[in-house]
Amino acid sequence: MDCENYKKMIPEYVSGELDISLIDSFDKHISACENCRNELASEKNIIKNISAEEFDLPSDLNTSLIEKLPHNQFIFKKPYFAYSAAASVILMIIVSVALNFNKPKVSGLVSDLKIDSLSSQSVTADYTTYAYIDEDFENMVAYDAALYENDKWSSDNSEVFSSDDQLFNDLITLEEIESYDDYLTSL
Amino acid sequence: MEDGTELKDSELVKKYVSTGNSKYFSGLVEKYDKKLFNYIVKRIGDPEKAKDVYQTVWLKVASNLNGYKEENKFSNYLFFIATNACFDYLRELKKSNENIYRPVVRNGEEGEERDFIESLPSDTHDPERENESREEREMITSALNGLPDEQKDVILLRSNGLTFREIAEMKQISINSVLSRYRYGVDKIKYSIAGGK
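Residues numbered from 1 in each chain as written. Chains lettered and ligands numbered in written order. Predicted model: local features only at pLDDT ≥ 70, side-chain atom pairs only at ≥ 80, totals over all residues. Heavy atoms only, no water.

Undergrad: Which parts of the structure should I look at to understand the overall build of chain B?
TA: Assigned secondary structure in chain B consists of eight helices and two strands. Reading the helices (α) and strands (β) of chain B from amino to carboxyl end gives α-α-α-α-β-β-α-α-α-α. Out of the 197 residues in chain B, the part that is buried amounts to 48%. Within chain B, counting contacts between residues at least 6 apart in sequence, those at least 24 apart form 52% of the total. If you sum the accessible surface of chain B, you get close to 10,300 Å²; carbon and sulfur atoms cover 45% of it. (Helix = DSSP H or I, 4+ residues; strand = E, 2+ residues; numbered from the N terminus. Buried < 20%, exposed > 50% of the residue type's maximum accessible area, 1.4 Å probe, protein only. Contact = heavy atoms within 4.5 Å. Areas by Shrake-Rupley, 256 points an atom, 1.4 Å probe, with all protein chains shown as cover.)

If you want it as structure tokens, here you go:
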């Protein structure tokens, strides 16, 4: 190769991008050729001078730049934010539908209320659900009225009521006996 | 609490995109502010106008970080946007028929004009060497400013540490085209320096 070929390699040699297979040959030529050595030095000097020019960054430039940044512009732009928001909405809909599906339908005046489920077992189970989950006061009153109606039908069937209901019935019975005793004593 | 400047560029980008916290963007700015500002001043030749272009570049970076790909170097992405912003500025300047290759700054209250090169800081305290160094730098800068835009840009990007391969990727042209622009530009600068002596 002649000097022209080696001169063309100078930019890539300086930037560290010269093919590794050419570096040895280039180094040997530069050490032997004064003309090419001067070319290399001249090019390095030009780049060095251009790099060395420095302008002071105005002190307030970065501060005013940060103030101009749009705040929180990327929140919700990332897909996973959108996915979690969508998943939350879907979950809320599913839970809401599931709760409404299990709830017994109550309609009409309190005195005329009928429970959809005719089974005494399901009445007991629904009562528990109703008392603890659904806080709609009107529906609770309606349900109590319906239970009262059922009480007549299931008076001989104690498992329909909870233990608290049974205890309450027992106490009333005791009061009635005591008051009957009092009545007898007064005679 | 972690300091933004301790993180890698790609981590700073990720954290800024996911949180919107400007602390992480400041980390990026602090790493590249001087390099970027100097590139823009040299590219457009006007330190005052460079302030606006500098902020425009960073704001463009901030609003387009979703499109940044981690496999690319952030500095290349930054200079890609800077190159385009400078090009846009110079195009507008040409339209308004202002002199873009011999920029001047006003000096003091008297309105006396002087070459902006004279305002460059010096790196030596020896007055004689300082003068020689300044003269040489003036000649190089003057020759650089006289180059066609494409050649000047490649030389400036190279002097900011970008490799020819990175410049080629950024400009989406072949590495041979980049090298060709660079060689033509440097040869013209060498010729100017030799002719000036």
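Undergrad: What's the story with the interface of chain A and chain B in this structure? I'm lost.
TA: Often the size quoted for an interface is simply the accessible area lost on bringing the parts together. Taken together, the 38 residues of chain A in the interface contact 47 residues of chain B. In this assembly, chain A packs against chain B so that about 4,000 Å² is buried in total across both faces, 63% of it on carbon and sulfur atoms. The interface formed by chain A and chain B holds two salt bridges in total. Our count for the contact surface shared by chain A and chain B stands at 15 residue pairs in polar contact (both at pLDDT 80 or more). Within the residue set of the side of chain A that touches chain B, elements represented by two or more residues are α1 (3–15), α3 (34–52), α4 (61–68) and α5 (79–102) of chain A. By residue number, the principal contributor to the side of chain A that touches chain B is α3 of chain A, which donates ten residues. Here the residues of the side of chain A that touches chain B sort into 18 nonpolar, nine polar and eleven charged. (Buried area = accessible area lost by both parts, 1.4 Å probe. Salt bridge = Lys/Arg side-chain N within 4 Å of Asp/Glu carboxyl O. Polar contact = N/O pair within 3.5 Å; in protein donor to acceptor, adjacent residues only side chain to side chain. Nonpolar A, V, L, I, M, F, W, Y, C, P; charged D, E, K, R; others polar.)

Undergrad: Help me understand the state of the cysteines in this model?
TA: Working definition: the covalent bond between the sulfur atoms of two cysteines is a disulfide. Residues and elements named next belong to chain A. A complete count under the given rule lists zero disulfides over all chains for this structure. For C3, which is in no disulfide, the shortest distance to another cysteine sulfur is to C33 and amounts to 3.6 Å. A relative accessible area of 27% places C3 in the partly exposed class. (Disulfide = S-S within 2.5 Å.)

Undergrad: Would you mind going over the pattern of salt bridges with me for this structure?
TA: Once their charged atoms are close, side chains differing in charge can pair, the charge on each being opposite to the other. All names here are of chain B. Enumeration according to the criterion identifies eleven salt bridges over all chains in this entry. Ionic pairing is found between R181 and E150, a salt bridge with its closest N-O pair at 3.9 Å. Here R181, found in helix α8 (residues 175–196), pairs with E150, found in helix α6 (residues 149–159); they are 31 residues apart in sequence, far enough to count as distant.

Undergrad: Is there a simple way to think about the packing of α4 of chain A against helix α3 (residues 47–63) of chain B in this case?
TA: Angle between the axes and distance between the axes are the two parameters that describe a pair of packed helices. Where α4 of chain A contacts α3 of chain B, the axes come no closer than 10 Å and their chain directions differ by 40°. Here α4 of chain A is positioned oblique relative to α3 of chain B, judged by the angle of their axes. Seen along the crossing, α4 of chain A lies across α3 of chain B with a hand that is right-handed. Every residue of α3 of chain B that contacts α4 of chain A at L61, N62, S64, L65 and K68 of chain A is listed here: K51, Y54, Q55, W58 and L59 of chain B. (Axes fitted to C-alpha atoms, helices over the stretch in contact; angles between N-to-C directions. Parallel < 35°, antiparallel > 145°, perpendicular 65-115°, else oblique. Left-handed = near helix turned anticlockwise from the far one by under 90°.)

Undergrad: For this particular structure, what's the right way to read helix α2 (residues 20–32) of chain A?
TA: Every α-helix carries 3.6 residues per turn, so stepping three or four residues along brings you back to the same face. Listed in full, the buried residues belonging to α2 of chain A are F26, H29 and I30 of chain A. Packed against the buried residues of α2 of chain A are α1 and α3 of chain A.

Undergrad: Teacher, can you tell me more about the packing of aromatic side chains here?
TA: For any pair of aromatic rings, the description consists of the separation of the ring centres together with the inter-plane angle of the planes. All names here are of chain B. Within this structure, the stated rule accounts for 13 aromatic pairs over all chains. Summarising the aromatic geometry, the rings of F37 and Y54 are spaced 5.8 Å apart at their centres and angled 85° between planes, so their arrangement reads as edge-to-face. With F37 in helix α2 (residues 22–44) and Y54 in helix α3, the pair connects residues that are 17 residues apart, well separated along the chain. Each member of the pair F37 and Y54 is classed as buried. Pairing W58 with F74 gives two aromatic rings, centres 6.5 Å apart and planes at 20°, and the pair type is stacked. (Phe/Tyr/Trp six-rings, centres within 6.5 Å; stacked < 30°, edge-to-face > 60°.)

Undergrad: Any chance you could explain unusual backbone geometry here in plain terms?
TA: Keep in mind that most residues, glycine aside, have a negative phi and that most peptide bonds are trans. All names here are of chain B. Residue Q172 is not a glycine yet carries a positive backbone phi of 55°. Considering the arrangement of structural elements, one finds Q172 in the loop between α7 (164–171) and α8. Assessed through its relative accessible area of 70%, Q172 is described here as exposed.

Undergrad: Sorry, what's going on with the side chain of S15 of chain A here?
TA: Within the element layout of this structure, S15 of chain A appears in helix α1. Engagement of the side chain of S15 of chain A in a polar contact is seen with the backbone oxygen of E12 of chain A, the distance being 3.3 Å. Not counting chain neighbours up to four residues away, the residues in contact with S15 of chain A comprise R158, T163 and F164 of chain B.

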